[in-house]
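Spelled out from the first residue to the last, the chains are:
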Amino acid sequence: MKKIYLLAIVGITVLLASCGHGGQGELVGAYNRKFKNNRIPLGMVYIPPGHTPLGGSDEDITFSQNGPSRMTTISAFFMDQTEISNAEYRQFTNWVRDSIAVTMMGMPQQFTVTPRNGTATAVGGEKYIDWKKVGPNGVNIWRARGRGNNQAQQSQLDGMYYSGLDALPGKKEFDVRKFEYSYAELSMDKAAAGHKNPNSKRQDYIDRFTIAIYPDTMVWKTDYSYSQNDPMVRGYYNHPSYDDYPVVGVSWEQAKAFSHWRTRLYDGVAAARKMPVGSRSDYRLPAETEFEYAARGGNTKTKYPWGGPYIRNTKGCLQANFKPGRGDYSSDGGIYTVGVRSYFPNDYGLYNMSGNVSEWTLTAYNKSASPLLHDLNPNFTYDAGANDSKYKKRKVIKGGSWKDTAYFLQNAVGTYEYQDTQRSYIGFRCVSSYPGTDLRN
C-alpha cells in the first residue's frame, strides 16, 4: 500500500511539473522582470512620438545653409523641462570634489553623496567627510570613522587647494582645475563600423575620457571686449541668487560628462532599490531633430516655440530672453540670462526652448549630410579627437541666447560651436529615450 501511495505522489509531481514553464518541451519564453513603464523622471516632461515636417519654414539668411523642410518621424523621449541650472550642475562638481577627497584620504571607494548637503557617506552609513564643517577659509573638522587627527586629515587634502604663488594671501580656495571626471562609454558608431571584423575586439569600440568639469567662469570676460563683467565672473556660478539660472561656461564635452554621471547617479539608486536593469534609458544630449521637434510643442510649421509668428504676445510683451532691436537687452526682463523657468512654457511644458541660452545638441554640424539623413530619428554624429581638425569639432547648438537677435530663436535655425569651447551664452539640457513605443499606450 505504501508503494502505491509513493507512485501516486510521484505521478502527480511529474504532471504538475509538465504544466509549468517549459513543460512538455514548448517554447514559453524567458521574460525579464516586469515593471511599470509610465514613470516620468523628475524634472522632465514626456515628448510623444510623431510624424511632422522639420526644417526651414520661414525667413532665411543668405548662405546660412539651414536644412530644407522634410517629413520626419521621431520616437518618444523624456526631456528636461528647463535648462540645467547652476544648482543642478553644482551637484555634479560637488560629487567630483568629494570623490577626489575620499580618494586622497585613502578611504574606500564605495560611498554615496547626499545631494542636498554634499556629505560623503559610506555605504555602511559611516560619515567620512562632513563638508558642512568646512569654513569659508578652509578651516574644517574632518570626520573619518570617528578617529584620526584633524590636522593630519587636513594635510592629506592640501593638494586640493591652490598653493604657493597660485594662492591668494589669507585664502584657502579649491583648485578647481583638479576637478576631473573619468568615464568610459561604448561608441555605437565605431561598433557599427567594425563589429563584423573578425580581428576586432570590444575594447576597440570603447572611448575613455578624463574631463575637467568645472565651468569656465572667465567666459564672462573673454567673450566680450571692454565690458565690465567682473561681477558675473565672481558670482554667477556660486552666488545663491543665480542658483536657478542656467549653467554656462560648459563645453559640449563637459555636458556629455554630466549626462554620463547623471545616468550613473540614477543607476546607483536603482541598484540599491533592486529595480530592474533597463528601467530607464541613459541620459544624453538631444539630437538636433529631437530638440526642434520638442521646441515645436506638437505644432506644425511654427516659427517659434510659443506657436505664433511674432516675438511679442497680444499684450506687447516679449516672449523670450534675447537681444531686441539695437541691443535693448533689458526690455525683455533680463540683461544677461534669467531663471530657467522664466516666460511661459511651450505646449509640451518646456521652458526657454528659444532664448536665454543656446543649447548643445548631440549632432555634429555638417549641413552637407542633410540629404543623406534617414527620415526616422535622423542624426549625424562624429566624436572628434583632440588632434582632429577644428571643423570636425563643430557641434550644433539650438535655440538662440540672451545675446542673439530674434532670427536665431526660430525653431528651424541652428548654428554651431566647437565641442571643446565654453561660452557665456551656451548651456544644455538632457533627454532620455523612452523604452517603448508610447507612454500613453
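Anyway, here's the lowdown on the structure attached to this text. Just so you know, these numbers come straight off a predicted model, no measurement behind them. (Residues numbered from 1 in each chain as written. Predicted model: local features only at pLDDT ≥ 70, side-chain atom pairs only at ≥ 80, totals over all residues. Heavy atoms only, no water.)

Looking at the sheet that holds strand β4 (residues 77-80)
Pairing between the strands of a sheet comes from backbone hydrogen bonds, and it takes one of two forms, parallel or antiparallel.
And then number 1: With respect to topology, four strands assemble into an open sheet ordered β1-β4-β15-β10, the strand pairing being antiparallel. A single partner strand is all that each edge strand has here, and the edge strands are β1 (44-47) and β10 (283-284).
And then number 2: Note: β10 against strand β15 (residues 431-433), two bridges, orientation antiparallel. Counted as the bridge partner of R284 is V431 from β15.
And then number 3: Each of β1, β4, β10 and β15 is contacted by helix α8 (residues 288-295), which is oriented at about 75° to β4, the strand it contacts most. (Pairing = 2+ DSSP bridges. Helix = DSSP H or I, 4+ residues; strand = E, 2+ residues; numbered from the N terminus. Contact = heavy atoms within 4.5 Å. Axes fitted to C-alpha atoms, helices over the stretch in contact; angles between N-to-C directions.)

Topic: empty space enclosed by the protein
Gaps left between atoms show up when a probe the size of a water molecule is rolled over them.
And then number 1: As enumerated under the stated definition, the model contains four cavities of 30 Å³ or more in all.
And then number 2: What the largest cavity holds in volume is close to 320 Å³.
And then number 3: Taken together, 23 residues form the lining of the largest cavity, with E288, T289, K367, S370 and L373 sitting closest to its centre.
And then number 4: Looking at the lining of the largest cavity, the elements with two or more residues in it are β3 (70-74), α8 and β11 (358-364).
And then number 5: For the lining of the largest cavity, the leading source of residues is α8, giving three residues.
And then number 6: When its residues are assigned to classes, the lining of the largest cavity shows 10 nonpolar, nine polar and four charged. (1 Å grid on protein atoms, 1.4 Å probe; cavity = no way out; pocket = protein on both sides within 12 Å on 5 of 7 lines; lining within 4 Å. Points joined across faces, edges and corners; volume = space filled by probe spheres on them. Nonpolar A, V, L, I, M, F, W, Y, C, P; charged D, E, K, R; others polar.)

With respect to the sheet that holds strand β13 (residues 414-418)
And then number 1: The strand order across the open sheet built from four strands is β13-β12-β11-β14, with neighbouring strands paired in mixed fashion. Either end of the sheet is taken by a strand with one partner, and the two such strands are β13 and β14 (426-427).
And then number 2: In the sheet, strand β12 (residues 394-398) pairs with β13 via five bridges, with the strands oriented antiparallel. Looking at the pairing, R394 lines up with Y418 of β13.
And then number 3: Seen against the sheet, α8 touches β11 and β12 and runs at an angle of roughly 5° to β12.

Observations concerning the packing of aromatic side chains
And then number 1: Applying the stated criterion across every chain, the model contains 33 aromatic pairs.
And then number 2: Summarising the aromatic geometry, the rings of F78 and Y434 are spaced 5.9 Å apart at their centres and angled 80° between planes, so their arrangement reads as edge-to-face. With F78 in strand β4 and Y434 in the segment after β15, the pair connects residues that are 356 residues apart, well separated along the chain.
And then number 3: The class for Y434 is buried, based on a relative accessible area of 10%.
And then number 4: Geometrically, the ring pair formed by Y89 and F92 is edge-to-face, given 5.5 Å between the ring centres and 90° between the ring planes. With Y89 and F92 both in helix α2 (residues 86-104), this residue pair falls three residues apart, about one helical turn. Judged on exposure class, the residue Y89 and its partner F92 are both buried.
And then number 5: Stacked on the ring of Y161, the Lys or Arg K172 has its end atom at 5.0 Å from the ring centre.
And then number 6: The residue whose ring lies beneath R262 is Y283, and the NZ or CZ to ring-centre distance is 4.2 Å. (Phe/Tyr/Trp six-rings, centres within 6.5 Å; stacked < 30°, edge-to-face > 60°. Buried < 20%, exposed > 50% of the residue type's maximum accessible area, 1.4 Å probe, protein only. Lys NZ or Arg CZ within 6 Å of the ring centre and 35° of its normal.)

Observations concerning the nonpolar core
And then number 1: Among the nonpolar cores identified, the biggest contains 47 residues, and Y89, F92, I213 and F428 are the most heavily contacted of them.
And then number 2: Breaking this core down by element, the ones donating at least two residues are β1, α2, β8 (180-186), α5 (219-222), α6 (230-235) and α7 (252-272).
And then number 3: Residue contributions to this core reach at least three from each of two domains, namely domain 1 (39-85 + 279-440) and domain 2 (86-167).
And then number 4: Those residues within four positions of F428 in sequence are excluded, and the remaining contacts are E83, I84, Y89, V247, V250, A255, F258, L285, E359 and W360.
And then number 5: Counting residues in hydrophobic clusters, the runner-up holds 14 residues, among them L54, I74, Y293 and M353. (Core = buried A, V, L, I, M, F, W, Y, C linked by side-chain atoms within 4.5 Å. Domains from an automatic or database assignment.)

Some thoughts on α8
And then number 1: Along α8, eight of the eight residues are buried, which leaves the element largely enclosed by surrounding structure.
And then number 2: Buried residues of α8: E288, T289, E290, F291, E292, Y293, A294 and A295, and no others.
And then number 3: One or two positions beyond α8, positive phi appears at G297, with a value near 65°.

Some points on α2
And then number 1: With 19 residues, α2 ought to run about 27 Å at 1.5 Å a step, and its terminal C-alpha atoms sit 27 Å apart, in line with that.
And then number 2: Among the residues making up α2, those that are buried are N86, Y89, R90, F92, T93, V96, R97, D98, S99, I100, A101 and V102. (Expected span 1.5 Å × (residues − 1).)

Side note on the side chain of E417
And then number 1: With respect to the helices and strands, E417 occurs in strand β13.
And then number 2: Classification of E417 by relative accessible area gives buried; the value is 8%.
And then number 3: Side-chain polar atoms of E417 contact the side chain of R423, separated by 3.1 Å.
And then number 4: If sequence neighbours within four positions are ignored, E417 has contacts with W360, K393, R394, K395, I397, R423, Y425 and I426. (Polar contact = N/O pair within 3.5 Å; in protein donor to acceptor, adjacent residues only side chain to side chain.)

Things to note about the environment of V340
And then number 1: Here V340 lies in the loop between α8 and β11.
And then number 2: Of the residues examined, V340 reaches a relative accessible area of 8% and is grouped as buried.
And then number 3: Residues V340 and Q81, 259 residues apart in the sequence, show an inter-C-alpha distance of 9.0 Å.

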